[in-house]
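Now for the letters of each chain:
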Amino acid sequence: MASLFWLTGAGAQQVGEVSTVFKLLSPNDKIVVDAYDDPKVAGVTCYVSRAKTGGYKGALGLAEDRSEASIACRQTGPITFAKPLETQEDVLTERISLVFKKLRVVRMVDKPRNTLVYLTYSDRLIEGSPQNSITAVPVDRATPIPVR
């Protein structure tokens, strides 16, 4: 299965994983936690946890991972912007099935509160899942978020 990646192409750093289901002769089912630095917002890192299916299908990349993920984004350094942001933009995507299902992260700008909001959810070619997770990173008022 393809790993999560920012749409700009940068990769994730795996923080850790825990096994949830033991499989004797094939990889275990697990929960993985990955860290991603927002490519358009220096000083913001998002941590995404998600289920990863093991077994023989998981090892071959044929398993469909569950539509459950959690996200927490935090300020990890001084926040700066190289250029103005879209008010809503897909920033992260991952295939979680062979063809039809994707895990997504969308960044939204809450301009009145000078806050970056990140939403994670999954979608499918025909039908997505309503399961989602949200997090917000307030930006100091001295650094207004530039929006296009």
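Since the structure is predicted, the reported quantities are computational estimates derived from the model, not experimental observations.

A word on the pattern of salt bridges. Evaluated as defined, the whole model comprises six salt bridges. As a salt-bridge pair, Arg107 and Asp38 come within 2.9 Å of each other at their nearest N and O atoms. Here the residue Arg107 occupies a position in strand β7 (residues 101-110), and Asp38 occupies one in the loop between β3 (29-37) and β4 (41-52), the gap between them amounting to 69 residues. By the burial criterion, Arg107 is buried, and Asp38 matches it. For the salt bridge of Arg113 with Asp110, the shortest nitrogen-to-oxygen distance reads 2.9 Å. The class of Arg113 is exposed, set by a relative accessible area of 53%.

Okay, the nonpolar core next. One finds Val41, Val44, Leu116 and Tyr118 to be the most contacted residues of the largest nonpolar core, which totals 21 residues. The leading source of residues in this core is strand β5 (residues 69-81), at five residues. Beyond its immediate sequence surroundings of up to four residues, Val41 is in contact with Ile79, Thr80, Phe81, Leu85, Arg107, Leu116 and Tyr118.

What follows deals with the environment of Asp29. As for its position among the elements, Asp29 is in strand β3. You can call Asp29 buried: its relative accessible area is 17%. Linking Asp29 and Ala51, residues 22 residues apart in sequence, is a C-alpha distance of 7.5 Å.

Attention now goes to the state of the cysteines. Within this structure, the stated rule accounts for one disulfide. A disulfide bridge connects Cys46 with Cys73, and the sulfur atoms are separated by 2.0 Å. Of note, the bridge from Cys46 to Cys73 carries an S-S torsion of about 105° and is right-handed in sense. Highlighted residues: Cys46 in strand β4 and Cys73 in strand β5, separated in sequence by 27 residues. Cys73 matches Cys46 in its accessibility class, with the two residues each being buried.

Taken residue by residue, the chain gives an average pLDDT of 82. The fraction at 70 or more is 76%. Put simply, strand β1 (residues 5-6) is where the chain has its lowest mean pLDDT, 44, and strand β9 (residues 132-138) is where it has its highest, 96. Low confidence marks residues 1-10, where pLDDT is under 50. Its contacts with residues over four positions away, or in another chain, come to 35 contacts.

Conventions adopted
- Residues numbered from 1 in each chain as written.
- Predicted model: local features only at pLDDT ≥ 70, side-chain atom pairs only at ≥ 80, totals over all residues.
- Heavy atoms only, no water.
- Salt bridge = Lys/Arg side-chain N within 4 Å of Asp/Glu carboxyl O.
- Helix = DSSP H or I, 4+ residues; strand = E, 2+ residues; numbered from the N terminus.
- Buried < 20%, exposed > 50% of the residue type's maximum accessible area, 1.4 Å probe, protein only.
- Core = buried A, V, L, I, M, F, W, Y, C linked by side-chain atoms within 4.5 Å.
- Contact = heavy atoms within 4.5 Å.
- Disulfide = S-S within 2.5 Å.
- pLDDT = per-residue confidence, 0-100.

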